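Letter by letter, the chains look like this.
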Protein chains: 4
Amino acid sequence: MELRRRLYVIIFGTDTWAGKLFDLTLLSLIVASFLVAVLDSVERYHLQWHDAFLLAEIVFSIIFAVEYATRIWVSPNRWGYVKSLYGIIDLLSLLPILFLWVDPSAAHLVVVRILRVLRLFRILRLTEFLVEEQLLIRAIQQSSKMIFIFFLIVAILATVFGSTMYVIEGPESGFNSIPEGIYWAVVTITTVGYGDITPQTAIGKAVSTLVMLTGYSIIAVPTGVFTASLASEIKSNQRSAFSCPHCGRFGHE
Amino acid sequence: MELRRRLYVIIFGTDTWAGKLFDLTLLSLIVASFLVAVLDSVERYHLQWHDAFLLAEIVFSIIFAVEYATRIWVSPNRWGYVKSLYGIIDLLSLLPILFLWVDPSAAHLVVVRILRVLRLFRILRLTEFLVEEQLLIRAIQQSSKMIFIFFLIVAILATVFGSTMYVIEGPESGFNSIPEGIYWAVVTITTVGYGDITPQTAIGKAVSTLVMLTGYSIIAVPTGVFTASLASEIKSNQRSAFSCPHCGRFGHE
Amino acid sequence: MELRRRLYVIIFGTDTWAGKLFDLTLLSLIVASFLVAVLDSVERYHLQWHDAFLLAEIVFSIIFAVEYATRIWVSPNRWGYVKSLYGIIDLLSLLPILFLWVDPSAAHLVVVRILRVLRLFRILRLTEFLVEEQLLIRAIQQSSKMIFIFFLIVAILATVFGSTMYVIEGPESGFNSIPEGIYWAVVTITTVGYGDITPQTAIGKAVSTLVMLTGYSIIAVPTGVFTASLASEIKSNQRSAFSCPHCGRFGHE
Amino acid sequence: MELRRRLYVIIFGTDTWAGKLFDLTLLSLIVASFLVAVLDSVERYHLQWHDAFLLAEIVFSIIFAVEYATRIWVSPNRWGYVKSLYGIIDLLSLLPILFLWVDPSAAHLVVVRILRVLRLFRILRLTEFLVEEQLLIRAIQQSSKMIFIFFLIVAILATVFGSTMYVIEGPESGFNSIPEGIYWAVVTITTVGYGDITPQTAIGKAVSTLVMLTGYSIIAVPTGVFTASLASEIKSNQRSAFSCPHCGRFGHE
């Protein structure tokens with residue numbers, strides 16, 4: 001019981017000397033594990049060092065598995081940790097190595113471990129950071145419904161534009177099917193514009209022009225919605241700090 | 001008359017158990033019809049299952065035609081429904097199948113049925129959703145005139161830049177005509193950048209640089225206009241909620 | 001003198017029946033002249049109809065030359081008209097046809113006539129339009145200095161990034177010279193991304209990643225500056241409409 | 001001592017006649033040195049004039065070295081100048097020529113001298129400019145923490161998306177390694193979209209669609225954060241200009 005509590009402070013806490021050392025070691029291991037996966041994906045290194053890389057990933061996986069088990073063991077609220085965002089990420093980063101015997105290329109998925117770096121937010125727990133993060137999160141939540149409507153409209157637009165272009169251009173221009181047409185429409189509306197599929201006919205180019213102008217202008221909607229939410233969030237944050245000299249109420253203008 | 005009213009509540013209403021079931025069934029049919037059209041556009045499935053797909057689309061079309069006729073019949077204001085946005089979309093989604101005997105590729109246009117999914121907005125009628133949607137729509141209306149001026153200027157810029165590049169680069173660089181030059185200018189100003197037509201000469205690249213910087217910076221205009229409109233809309237929404245403690249008037253600052 | 005005044009009202013005015021008819025006729029001629037130039041640029045039509053197109057452009061040019069001379073003659077302030085934006089555009093749209101004997105391809109520049117369509121702003125003179133346009137113009141003026149600094153920084157960034165990539169990648173990757181490197185940098189920073197010049201080496205790709213992230217994030221600066229200017233402009237517009245109930249002064253908060 | 005002070009006023013000052021002449025001469029030399037480097041990078045001119053260009057760069061470098069030494073000598077706070085932004089840029093622009101004997105292509109790096117043009121900000125020291133610049137800098141500082149979080153999230157997203165696409169698409173589609181996958185993800189998220197690496201499989205295209213929509217929408221975050229900061233900065237700037245008529249305090253609303 002005594003050990004469990006002490007381990008809890010070291011593993012989950014960030015205030016003690018031992019806790020800081022633990023976090024630093026863990027982050028180094030995560031980054032090292034990530035770099036090994038990256039190097040293993042480069043053919044030159046893969047051919048020469050693959051066995052060493054695989055061994056390293058197995059060692060890292062064992063360490064992270066032990067760490068994960070310990071985290072569950074020392075948590076006062078075990079199920080709470082497992083269900084938390086960090087708990088899910090910790091588990092996710094253990095899974096890819098298990099698929100190794102099914103499909104060797106799945107081993108590259110250990111890069112998902114880089115998600116564990118998000119723990120940095122907790123480690124660098126600066127009050128200001130958290131305040132700003134909360135403002136950001138509240139603004140995102142507040143504008144999430146409008147953003148959802150926006151995405152629904154973009155999805156419908158991409159479907160309609162993509163199907164229309166499939167009918168206009170057809171397979172001879174690279175629009176092989178409606179899903180490829182939708183892919184092209186998303187590439188165009190988001191202004192990514194790979195150029196792997198492009199309109200060849202005059203009418204196709206005219207419709208594309210319309211799709212591009214649509215994509216170019218509707219980006220204003222999520223930007224505007226989020227900016228307005230954030231501005232209103234910042235304002236109500238400042239306002240709530242002092243009361244009105246006339247009526248003593250807080251937070252009105 | 002009794003049946004007509006009951007059907008009206010089921011088809012147009014969303015509050016009763018039967019109305020919800022009807023909406024759910026309709027949405028499923030719309031999505032199914034859409035998916036059949038999508039699968040039919042993929043060559044592999046088209047070759048193997050085309051007859052089945054065509055039969056399915058004809059069945060879906062008959063169902064939707066019956067539904068459309070019923071909607072007109074049960075509406076208290078028939079012409080009002082036909083002229084409404086939903087009425088037009090319902091009719092539009094029936095037309096493509098009729099062109100089947102003219103041009104078989106037109107059958108793919110049944111994907112326009114996906115527009116009927118917009119009905120979701122009405123089905124998921126949450127008060128908050130509607131409030132936000134109205135804010136959004138008011139902001140779009142309020143900024144529509146400035147956005148129109150913006151588009152007129154973009155169109156004129158694209159025309160002038162496109163013609164200039166046609167004169168500078170000419171057909172040997174892919175600028176085959178002024179319309180193609182305008183197409184290139186829209187691709188560039190909107191920052192889509194397919195790369196199917198690119199400047200080859202030094203002077204052409206210099207002018208392109210100017211076009212790109214123009215497109216990169218003027219996106220600020222619609223974003224700014226829409227954001228400012230929305231912020232002012234949100235503010236006047238909040239302000240109108242309480243009166244001024246000094247003069248009792250509503251809605252001033 | 002009597003004729004000159006009457007012509008002035010018809011040509012420059014937009015309130016009388018004759019003035020409206022004149023404006024409509026002029027706009028039609030401008031659009032017709034533009035369409036002839038566009039059609040002449042398409043090879044198919046050029047080969048078949050070039051002589052007819054050329055004749056049409058010469059006729060249009062004579063009409064516009066007569067109109068330009070008349071405008072100068074009837075203006076009370078002649079030099080004022082010649083120096084005005086509309087006067088300069090009117091003159092510019094007459095010049096290309098004169099270069100015809102020097103270089104036949106210059107004839108395509110008659111498309112600059114489309115700029116005369118800007119006259120639409122004056123013709124559709126709606127008070128609201130003008131108010132909004134003035135707000136827009138004031139916001140652009142107010143933010144112009146910050147936008148200038150922004151462009152200076154973008155230009156310097158493009159130069160430094162472009163030269164660095166020229167040294168890293170060199171002619172074998174398409175970076176033939178520093179100007180081409182700068183062209184690539186502008187294509188990348190503005191997120192256009194033609195793909196005609198792309199990094200091939202690992203270090204080049206790493207630097208490109210940095211350039212892309214820079215371009216992706218600094219777009220926030222002109223958007224933010226313009227949005228904030230416009231919001232503040234709209235606010236001071238609303239505020240100036242009524243006086244403060246406490247101190248009687250106008251326009252404070 | 002007398003000479004040192006006089007030189008200080010000429011070199012660092014911008015108010016005297018001699019100081020303005022010095023600044024103008026210096027800017028001309030910087031631009032000339034830059035243009036020589038640019039011309040030398042174009043093969044045509046390089047083959048013909050390389051020796052002359054090299055000689056010119058050596059002369060420019062000697063002049064700038066003498067200027068740098070003089071700046072150090074006349075500065076009252078020598079270490080302060082060396083450590084200042086301008087001091088570092090001045091030193092940096094001297095280094096490339098020294099690498100000439102190691103690698104001739106490094107000579108092109110003299111273009112970094114263009115950074116010295118930033119001195120223009122100091123030379124054109126207009127009060128308004130500085131006020132706006134300070135507003136801009138404060139807004140950037142204020143939003144820097146949120147922007148940092150944003151970049152961390154973009155980096156993690158690019159890593160996760162890039163690795164996933166490497167596993168899905170593999171080397172046969174151009175995704176040769178995880179770093180190349182990350183490069184592709186950055187190209188896509190930033191909406192640059194070169195098209196040098198594009199998804200070929202159906203599942204790869206579906207995931208790409210998600211990546212594009214992510215990149216298209218999250219640009220709203222830095223734009224929103226910066227805009228809100230700037231708007232709040234401008235407001236507090238205006239507010240602090242007069243006191244509240246009720247309580248005499250400054251800067252509240």
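Asks: Go over helix 5 (residues 85-92) of chain A with me, naming the residues and quoting the values.
Replies: Regarding helix 5 of chain A, the residues found buried are A:G87, A:I89 and A:D90. On an axial view of helix 5 of chain A, the arc spanned by its buried residues comes to 165°, and they lie on one face.

Asks: Provide a residue-level description of the relation of the copies chain D and chain B, including the pertinent values.
Replies: Mapping chain D onto chain B leaves a residual RMSD of 0.1 Å; the transformation is a rotation of 180° accompanied by 0.0 Å of translation along its axis. The transformation relating the two chain copies, once decomposed into turn and shift, fits a two-fold axis. With an isologous cut-off of 70% or more, the 100% of interface residues of chain D that recur at the interface of chain B puts this contact in the isologous class.

Asks: Give a detailed account of the interface of chain C and chain D, specifying residues and quantitative values.
Replies: Contact residues are listed per partner, giving 48 residues for chain C and 47 residues for chain D. Of the roughly 4,200 Å² buried at the junction of chain C and chain D (both faces included), carbon and sulfur atoms supply 76%. Between C:K205 and D:E180 there is a salt bridge, with its nearest N and O atoms 3.2 Å apart. There are 7 residue pairs in polar contact (both at pLDDT 80 or more) connecting chain C and chain D. Those elements that place two or more of their residues in the side of chain C that touches chain D are helix 7 (127-169), helix 8 (178-189), helix 9 (202-218) and helix 10 (220-239) of chain C.

Asks: Kindly report on the pattern of salt bridges, identifying the contributing residues and their values.
Replies: Residue and element names in this part refer to chain A. The final tally for this structure, using the stated rule, is 12 salt bridges over all chains. Close ionic contact of R71 with D90 constitutes a salt bridge, the shortest N to O distance being 3.9 Å. Here the residue R71 occupies a position in helix 3 (residues 43-74), and D90 occupies one in helix 5, the gap between them amounting to 19 residues. Overall, the relative accessible area of 2% leaves D90 in the buried class.

Asks: Tell me about the side chain of A:S61, and name the residues and values.
Replies: The residue A:S61 is located in helix 3 in this model. Non-local contacts of A:S61, meaning those with residues more than four positions away in its chain, are made with A:L94, A:I97 and A:R113.

Calculation criteria
- Residues numbered from 1 in each chain as written.
- Chains lettered and ligands numbered in written order.
- Predicted model: local features only at pLDDT ≥ 70, side-chain atom pairs only at ≥ 80, totals over all residues.
- Heavy atoms only, no water.
- Buried < 20%, exposed > 50% of the residue type's maximum accessible area, 1.4 Å probe, protein only.
- Helix = DSSP H or I, 4+ residues; strand = E, 2+ residues; numbered from the N terminus.
- Arc of directions from axis to C-beta.
- Least-squares fit on C-alpha atoms with pLDDT ≥ 70 in both.
- Contact = heavy atoms within 4.5 Å.
- Buried area = accessible area lost by both parts, 1.4 Å probe.
- Salt bridge = Lys/Arg side-chain N within 4 Å of Asp/Glu carboxyl O.
- Polar contact = N/O pair within 3.5 Å; in protein donor to acceptor, adjacent residues only side chain to side chain.

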